[in-house]
Amino acid sequence: MKLSHIEHIGIAVTNLEDAINFYEKVFGLTCYKIEEIADQKVRTAFFMVGQTKFELLQSTDPEGPIGKFIKKKGPGIHHIAFSVEKIEEQLMHAADMGITLIDCKPRKGAEGLDIAFLHPKTTYGVLIELCENKKM
Ligand code: ZN
């Protein structure tokens, strides 16, 4: 698989506004967008740290993926997203390597990216998101 860069790091939080305040106050970052992704039952807030995006995720439903994650592990790092080209091919390649795919086909994620998750049980405990910006 060929990765170009870390597209973003996803952090699960219990209160989006509190967390935004924290990152703005302590680290001097500026939240440039808040987006709700109904499909994933989350509200997300975005920051840029140099060229890497930082994504805060608050669940809109206790039974959503972030809600369940927080119930089990508490707030913290949720996933790391790698930027790739030809995401469909990368997914096939991952499956060939014995990695369990959460998404067999890419779907639309935040900021219009095509995204797909790899199961952490087969990636040394890290939830990995592949994403491709097809608009570029
Ligand atoms: Zn993400």
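The model shown is predicted, which means the values in this text are computed figures rather than measured ones.

Structural notes on the layout of surface pockets
Move 1: When its volume is computed, the largest pocket comes out at roughly 720 Å³.
Move 2: Looking at the largest pocket, it is lined by 30 residues, and the ones nearest its centre are Pro65, Phe69, His78, Pro120 and Leu127.
Move 3: Sorting the residues of the lining of the largest pocket by element identifies strand S3 (42-49), strand S4 (52-59), helix H2 (65-73), strand S5 (76-84) and strand S7 (114-118) as the ones contributing at least two each.
Move 4: A per-element tally of the lining of the largest pocket places H2 first, with 6 residues.
Move 5: Here the residues of the lining of the largest pocket are counted per class, giving 15 nonpolar, 8 polar and 7 charged.

Examining the packing of aromatic side chains
Move 1: By the definition in use, this model includes 6 aromatic pairs.
Move 2: Each ring, one from Tyr23 and one from Phe27, has its centre 5.7 Å from the other, and the planes form 25 degrees; the classification is stacked. Of this pair, Tyr23 and Phe27 both sit in helix H1 (residues 16-27), 4 residues apart, which is roughly one turn of that helix.
Move 3: Each ring, one from Tyr32 and one from Phe46, has its centre 5.9 Å from the other, and the planes form 35 degrees; the classification is tilted. Of the two residues, Tyr32 is situated in the loop between H1 and strand S2 (33-37) and Phe46 in strand S3; the sequence distance between them amounts to 14 residues.
Move 4: Judged by relative accessible area, Tyr32 falls into the partly exposed class, the value being 38%.
Move 5: Here the aromatic cluster, defined as three or more aromatic residues joined through ring pairs, consists of Phe22, Tyr23, Phe27, Phe47 and Phe54.

Concerning the nonpolar core
Move 1: Within the largest apolar cluster, 12 residues are counted, these being Ile11, Val13, Leu16, Ala19, Ile20, Tyr23, Leu29, Cys31, Ala45, Phe47, Phe54 and Leu56.
Move 2: Only strand S1 (3-13), H1, S3 and S4 provide two or more residues apiece to this core.
Move 3: Here this core gets 4 residues from one element, more than from any other, and that element is H1.
Move 4: Residues contacting Leu29, with those up to four places away along its chain left out, are Tyr23, Glu24, Phe47, Met48 and Val49.

Rules of the game
- Residues numbered from 1 in each chain as written.
- Predicted model: local features only at pLDDT ≥ 70, side-chain atom pairs only at ≥ 80, totals over all residues.
- Heavy atoms only, no water.
- 1 Å grid on protein atoms, 1.4 Å probe; cavity = no way out; pocket = protein on both sides within 12 Å on 5 of 7 lines; lining within 4 Å.
- Points joined across faces, edges and corners; volume = space filled by probe spheres on them.
- Helix = DSSP H or I, 4+ residues; strand = E, 2+ residues; numbered from the N terminus.
- Nonpolar A, V, L, I, M, F, W, Y, C, P; charged D, E, K, R; others polar.
- Phe/Tyr/Trp six-rings, centres within 6.5 Å; stacked < 30°, edge-to-face > 60°.
- Buried < 20%, exposed > 50% of the residue type's maximum accessible area, 1.4 Å probe, protein only.
- Core = buried A, V, L, I, M, F, W, Y, C linked by side-chain atoms within 4.5 Å.
- Contact = heavy atoms within 4.5 Å.

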